[in-house]
Amino acid sequence: MKQVHDLQSLAARQEIQDVLVAYCAHLDRMDLPALGALFTPTCRVIYADDPRFTAEGRDDLVRSLARMWRWQRTAHHISNVLIRVGPDGQATSESSVMAWHEAPGGDTATVFGRYLDEFQLTPEGWKIAVRRMEMNGADAGFKVPLPQARREPPPEGWTIEEWQDLG
Amino acid sequence: MKQVHDLQSLAARQEIQDVLVAYCAHLDRMDLPALGALFTPTCRVIYADDPRFTAEGRDDLVRSLARMWRWQRTAHHISNVLIRVGPDGQATSESSVMAWHEAPGGDTATVFGRYLDEFQLTPEGWKIAVRRMEMNGADAGFKVPLPQARREPPPEGWTIEEWQDLG
Amino acid sequence: MKQVHDLQSLAARQEIQDVLVAYCAHLDRMDLPALGALFTPTCRVIYADDPRFTAEGRDDLVRSLARMWRWQRTAHHISNVLIRVGPDGQATSESSVMAWHEAPGGDTATVFGRYLDEFQLTPEGWKIAVRRMEMNGADAGFKVPLPQARREPPPEGWTIEEWQDLG
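Keep in mind the model is a prediction, meaning the values are calculated, not measured. (Residues numbered from 1 in each chain as written. Chains lettered and ligands numbered in written order. Predicted model: local features only at pLDDT ≥ 70, side-chain atom pairs only at ≥ 80, totals over all residues. Heavy atoms only, no water.)

Chemist: Where do I start with the interface of chain A and chain B in this structure?
Modeler: In many reports, interface size means the accessible area that the parts give up when they come together. Between chain A and chain B, the residue contacts involve 42 residues of the former and 35 residues of the latter. Of the roughly 3,300 Å² buried at the junction of chain A and chain B (both faces included), carbon and sulfur atoms supply 59%. Summed over the shared surface of chain A and chain B, the number is three salt bridges. For arginine 29 of chain A, the salt bridge goes to glutamate 94 of chain B, with nearest N and O atoms at 3.0 Å. If you look at where chain A meets chain B, you find 14 residue pairs in polar contact (both at pLDDT 80 or more). Sorting the residues of the side of chain A that touches chain B by element identifies helix H1 (7-29), helix H3 (58-64), strand E3 (73-85) and strand E4 (90-102) of chain A as the ones contributing at least two each. (Contact = heavy atoms within 4.5 Å. Buried area = accessible area lost by both parts, 1.4 Å probe. Salt bridge = Lys/Arg side-chain N within 4 Å of Asp/Glu carboxyl O. Polar contact = N/O pair within 3.5 Å; in protein donor to acceptor, adjacent residues only side chain to side chain. Helix = DSSP H or I, 4+ residues; strand = E, 2+ residues; numbered from the N terminus.)

Here it is as structure tokens:
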């Protein structure tokens, strides 16, 4: 966890966080050209293993995200942003997203997701080169088969009975 | 998206973010004098076009926010903060808020809102000079007529049928 | 709200925020050794007054958090982070958390909580020395008796009737 911070790495973190935030804003607005410009031209984006939820390259990503119009409204809220800036214009980030979706009939679907990203510094600023997604959980309305995030199992001998009256 | 950051602009962003956070904390506590002090004396605040949801000046804002006592509990969580610091002590910010409200009977109302703010640097620090609000969506319990955020329509020829089996 | 920021205090805030984020990530993964390492060995953690929700020291904390395995999935999303860095390696922070929990049967419980923390700078970085928790609210599924956050009462003469048609 301990890191030395200089002005340059603090600024890089700020710029990368701005990209993560812009992704949410552009997606909720369905401004797909602006969203695409946050990624490298050769980006790989894997929301789920199902090939309909993967994209190879910026153009493919923009084309495939047309699926989001099947919702009449969405709200993507980023939190838990953790960025590691490496040498030579590379960085990684993990972040959490609460993504709310409303279908035309009014039904909603909410997922508690995680973005796992690799960033590259380009002449046009920091861009997402690789994005994978997983989720900690979702409500019953959310059906997209995002991979479930890893969670450690309880140690041997742990039983739920001991804890069940905690509420 | 590319920006040059110096220490002064990074510090300004931190201070502005602190104001956005303090607004939520003071509102959930209903500490309205402390909330008012985050705004300029001549601020304009437009939560919705309905004149009952607008305020002209800090005193009017504090007076009008007494309406929030119609909820017995609230929780305002800020995310997606994007700040642009301009020259001459001006800045703008966009942010998202998940605002949960609980009525005395226990009914709840949740909105996925957006704050669109103009900040001014004063001798007492950065203050909100203009705040407008809009929303990406809300659950059925939320009735305040916040303006709906702009969303691009699908291109001609797009049909939901192609995407409906995605979940 | 007005503060002078130098590079050292901005970096300290970033490092402390990283600890707050890592807590959520480790808790949702149930990586309790990694979670414990975010606290000082002699930390005090008081989620609720009930002694089953308090811990004295890192080892006790790790042992007691085994209770979180009674949920099959959780998602902790931090926001509203406000950090004050003091002299001599001390800092305090307040933050909000939206914590979603899913029981093995599929029932869910969501709380809108607040972490009130004291940090210490150690040779291994910033560590949480004291954590208290409270909540602004929760849905009906959440039963843990977190203390309710303070909220100012309305002034004398305020009546809900005046505001009830606002929605």
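Chemist: Would you mind going over the relation of the copies chain A and chain B with me for this structure?
Modeler: Both copies of the chain are related by a screw-like operation: a rotation about an axis and a shift along it. Of the two same-sequence chains, chain A is brought onto chain B (RMSD 0.0 Å, axial shift 0.0 Å) by a rotation of 120°. On this basis, the relationship between the two copies can be described by a three-fold rotation axis. Minimal C-alpha separation from the rotation axis in chain A is found for serine 79 of chain A, amounting to 3.7 Å. Mapped onto chain B, only 7% of the interface residues of chain A are again interface residues, and the two copies thus contact each other with different surfaces. (Least-squares fit on C-alpha atoms with pLDDT ≥ 70 in both.)

Chemist: Can you help me understand helix H1 (residues 7-29) of chain C in this one?
Modeler: Each α-helix winds once per 3.6 residues, and so residues spaced three or four apart point in a common direction. Residue and element names in this part refer to chain C. Given a rise of 1.5 Å per residue, 23 residues ought to cover 33 Å, and the 33 Å separating the end C-alpha atoms of H1 matches this to within 8%. The buried fraction of H1 is high, at 20 of 23 residues. Directly beyond the C-terminal end of H1, a positive phi value near 55° is found at methionine 30. (Expected span 1.5 Å × (residues − 1). Buried < 20%, exposed > 50% of the residue type's maximum accessible area, 1.4 Å probe, protein only.)

Chemist: Just to check I follow, could you spell out the interface of chain C and chain A for this structure?
Modeler: In this assembly, 41 residues from chain C lie in contact with 35 residues from chain A. Summing the contributions of chain C and of chain A, the shared interface buries around 3,300 Å²; its carbon and sulfur component is 59%. On the chain C side of the contact with chain A, Arg29, Trp69 and His77 of chain C bury the most area, a combined 21% of that side's loss. Taken together, chain C and chain A are joined by three salt bridges. Its salt-bridge partner being aspartate 18 of chain C, residue arginine 13 of chain A comes within 2.8 Å of it at the nearest N-O pair. On inspection of chain C and its partner chain A, the count reaches 14 residue pairs in polar contact (both at pLDDT 80 or more).

Chemist: Can you walk me through the relation of the copies chain C and chain A in this structure?
Modeler: For the pair chain C and chain A, the relating rotation is 120°, the translation along its axis is 0.0 Å, and the fit reaches an RMSD of 0.0 Å. The share of interface residues of chain C whose copies in chain A are also at the interface is only 7%, consistent with the copies meeting through different surfaces.

Chemist: Mind showing me how you'd approach the side chain of histidine 101 of chain A here?
Modeler: Residues and elements named next belong to chain A. Tracing the sequence through the fold places histidine 101 in strand E4. Only 3.4 Å separates the side chain of histidine 101 from the backbone oxygen of alanine 99, close enough to count as a polar contact. For histidine 101, the contacting residues outside a window of four places in its chain are Met68, Trp71, Arg73, Thr74, His76, Asp107, Thr108, Ala109, Val111 and Phe142.

Chemist: Honestly, the environment of histidine 76 of chain A in this entry has me stumped. Any pointers?
Modeler: Residue and element names in this part refer to chain A. Here histidine 76 is to be found in strand E3. Each C-alpha atom, one on histidine 76 and one on histidine 26, is 9.9 Å from the other, the two residues being 50 residues apart in sequence. Within polar-contact distance, the side chain of histidine 76 engages the side chain of aspartate 28 at 2.8 Å.

Chemist: Whenever I open this one, the side chain of serine 64 of chain B confuses me. Can you help?
Modeler: Take serine 64 of chain B: it is sitting in helix H3 (residues 58-64). A distance of 3.0 Å separates a polar side-chain atom of serine 64 of chain B from the backbone oxygen of leucine 61 of chain B. Ignoring sequence-local partners within four residues, the contact set of serine 64 of chain B consists of Ala55 of chain B together with Trp163 of chain C.

Chemist: Where do I start with the sheet that holds strand E1 (residues 39-46) of chain C in this structure?
Modeler: Taken together, the six strands give an open sheet; going across it, the order is E2-E1-E6-E5-E4-E3 (chain C), and neighbouring strands pair in mixed fashion. In this open sheet, the two edge strands, each paired with only one partner strand, are strand E2 (54-56) and strand E3 (73-85) of chain C. Averaged over all neighbouring strand pairs, the angle between strand axes comes to 20°, with direction disregarded. Sheet topology places E3 of chain C next to strand E4 (residues 90-102) of chain C; 11 bridges connect them, and they run antiparallel. Looking at the pairing, valine 85 of chain C lines up with alanine 91 of chain C of E4 of chain C. Most of the contacts of helix H1 (residues 7-29) of chain B go to E3 of chain C, to which it runs at about 110°, and overall it touches E3, E4, strand E5 (108-122) and strand E6 (125-138) of chain C. (Pairing = 2+ DSSP bridges. Axes fitted to C-alpha atoms, helices over the stretch in contact; angles between N-to-C directions.)

Chemist: When you look at the nonpolar core in this model, what are you seeing that I'm missing?
Modeler: Among soluble globular proteins, nonpolar side chains are generally buried collectively. Residues and elements named next belong to chain B. Tyr23, Phe39, Tyr47, Leu61, Phe119 and Leu146 are the most contacted members of the largest nonpolar core, which has 48 residues in total. Counting only elements with at least two residues in this core, the list comes to H1, helix H2 (32-36), strand E1 (39-46), strand E3 (73-85), strand E4 (90-102), strand E5 (108-122) and strand E6 (125-138). Tallying contributions element by element places H1 first for this core, with eight residues. (Core = buried A, V, L, I, M, F, W, Y, C linked by side-chain atoms within 4.5 Å.)

Chemist: It is not clear to me how the packing of H1 of chain A against H1 of chain B should be interpreted in this structure. Could you clarify?
Modeler: The description of two helices packed together rests on the angle between their axes and the distance between the axes. Closest axis-to-axis distance for the H1 of chain A/H1 of chain B pair is 11 Å, and the angle between their directions is 50°. Taken together, the axis directions place H1 of chain A and H1 of chain B in an arrangement best described as oblique. In terms of crossing hand, the pair formed by H1 of chain A and H1 of chain B is left-handed. Across the interface between the two elements, Leu7, Leu10, Ala11, Gln14 and Asp18 of chain A of H1 of chain A pack against Leu7, Leu10 and Arg13 of chain B of H1 of chain B. A per-class count over the contact of H1 of chain A with H1 of chain B returns five nonpolar, one polar and two charged. (Parallel < 35°, antiparallel > 145°, perpendicular 65-115°, else oblique. Left-handed = near helix turned anticlockwise from the far one by under 90°. Nonpolar A, V, L, I, M, F, W, Y, C, P; charged D, E, K, R; others polar.)

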